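# Coordinate analysis (summary)
Here is what each chain is made of, one letter per residue.
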Amino acid sequence: MKPDDRLAEVLENSACFDDEAWEVWAQCLSPTERLAYIRKHRSHFRFADYDDVIAVVRGRRFIGCSSQLLRWRHRTRATTLQSALLFSVAVWLGIIWLAVRLIR
């Protein structure tokens, strides 16, 4: 692979990250969640002025680190999925335990 091809691939991948990050930012998070994320990851954002802050919090713009946002989102989803799975297993174990107790 030529260096020019590699650069083109890197730029294309970063554009995909940016699009996906903006979509997550605008559609999956509420303004309260966006503000909490900004406060927690302040070093990932570069605001020029107050209008930038308002636009980012309202979901009209995303100027943070795309890869960090997507990594955070995937971790949050995985944690939620694990919690739901554990709850489901606990409910089924409770149902089985009750059925065994009632049969005796």
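Residues numbered from 1 in each chain as written. Predicted model: local features only at pLDDT ≥ 70, side-chain atom pairs only at ≥ 80, totals over all residues. Heavy atoms only, no water.

### Let's talk about a nonpolar patch on the surface
Counted only if it meets this: Within the patch definition used here, like charges are joined within 9 Å and nonpolar side chains (Val, Leu, Ile, Met, Phe, Trp, Tyr) within 5 Å, considering only residues with over 30% relative accessible area and no salt bridge. Per-residue and other accessible areas were derived by the Shrake-Rupley procedure at a 1.4 Å probe size, with only the shown protein chains allowed to occlude residues. Think of a salt bridge as a Lys or Arg side-chain nitrogen and an Asp or Glu carboxyl oxygen that are within 4 Å of each other. Helical segments are the DSSP runs of H or I of at least four residues, strand segments are the runs of E of at least two, and each set is numbered from the N terminus. Buried, partly exposed and exposed residues are distinguished by accessible area as a fraction of the type maximum, computed with a 1.4 Å probe on protein chains only: under 20%, between the cut-offs, and over 50%, respectively.
On the surface, Leu85, Val89, Leu93, Ile96 and Val100 cluster together to form a nonpolar patch covering roughly 460 Å² of accessible area. Assignment of secondary structure puts Val89 in helix α4 (residues 66–103). Taking relative accessible area as the criterion, Val89 reaches 42% and is therefore assigned partly exposed.

### Let's talk about the nonpolar core
Condition: Buried Ala, Val, Leu, Ile, Met, Phe, Trp, Tyr and Cys residues form a nonpolar core when they are joined through side-chain atoms within 4.5 Å. By the convention used here, residues are in contact when the closest approach between their heavy atoms is within 4.5 Å.
Core analysis: the biggest nonpolar cluster contains 14 residues, and Trp25, Tyr37, Ile38, Phe45, Val56, Phe62 and Leu69 have the highest contact counts within it. Of all the secondary structure elements, the ones that give two or more residues to this core are α1 (3–28), α2 (31–40), α3 (50–57) and α4. Look past the residues within four positions of Leu69 in its chain and what remains in contact with it is Ala21, Val24, Trp25, Leu29, Tyr37 and Phe62.

### Things to note about α4
The condition that has to hold: To estimate how far a helix should reach, multiply one less than its number of residues by 1.5 Å.
If you check α4, its first and last C-alpha atoms are 56 Å apart, about what 38 residues at 1.5 Å a residue would give, namely 56 Å. Considered for burial, the residues of α4 that qualify are Ser66, Leu69, Leu70, Trp72 and Arg73.

### Points about the side chain of Asp52
With respect to the helices and strands, the residue Asp52 is situated in helix α3. Relative accessible area serves as the criterion here: at 12%, Asp52 is assigned to the buried category. Non-local contacts of Asp52, meaning those with residues more than four positions away in its chain, are made with Phe47, Arg61 and Ile63.

### Observations concerning α3
Taken together, the buried positions of α3 are Asp52, Ala55, Val56 and Val57. Two residues or fewer after α3 comes Gly59, characterised by a positive phi angle close to 85 degrees.

### As for the pattern of salt bridges
Scanning the model with the defined rule gives one salt bridge in all. Residue Arg61 pairs with Asp52 through a salt bridge whose shortest N-O separation is 2.2 Å. Note on Arg61: relative accessible area 35%, which makes it partly exposed.

### Structural notes on the packing of aromatic side chains
Applicable threshold: Aromatic rings from Phe, Tyr and Trp, with only the six-membered ring used for Trp, were paired whenever their centres fell within 6.5 Å, and each pair was classed as stacked if the ring planes differed by under 30 degrees, edge-to-face if by over 60, and tilted otherwise.
Applying the stated criterion across every chain, the model contains three aromatic pairs. Aromatic pair Tyr37 and Phe45: ring centres 6.1 Å apart, planes at 85 degrees, arrangement edge-to-face. Here Tyr37 and Phe45 have matching classes, each one buried. Here the aromatic rings of Phe45 and Phe47 are separated by 5.7 Å at their centres, their planes lie at 5 degrees, and the arrangement is stacked. For the pair formed by Phe45 and Phe47, the shared burial category is buried. Taken together through their ring pairs, the aromatic side chains of Tyr37, Phe45, Phe47 and Phe62 make up a single cluster.

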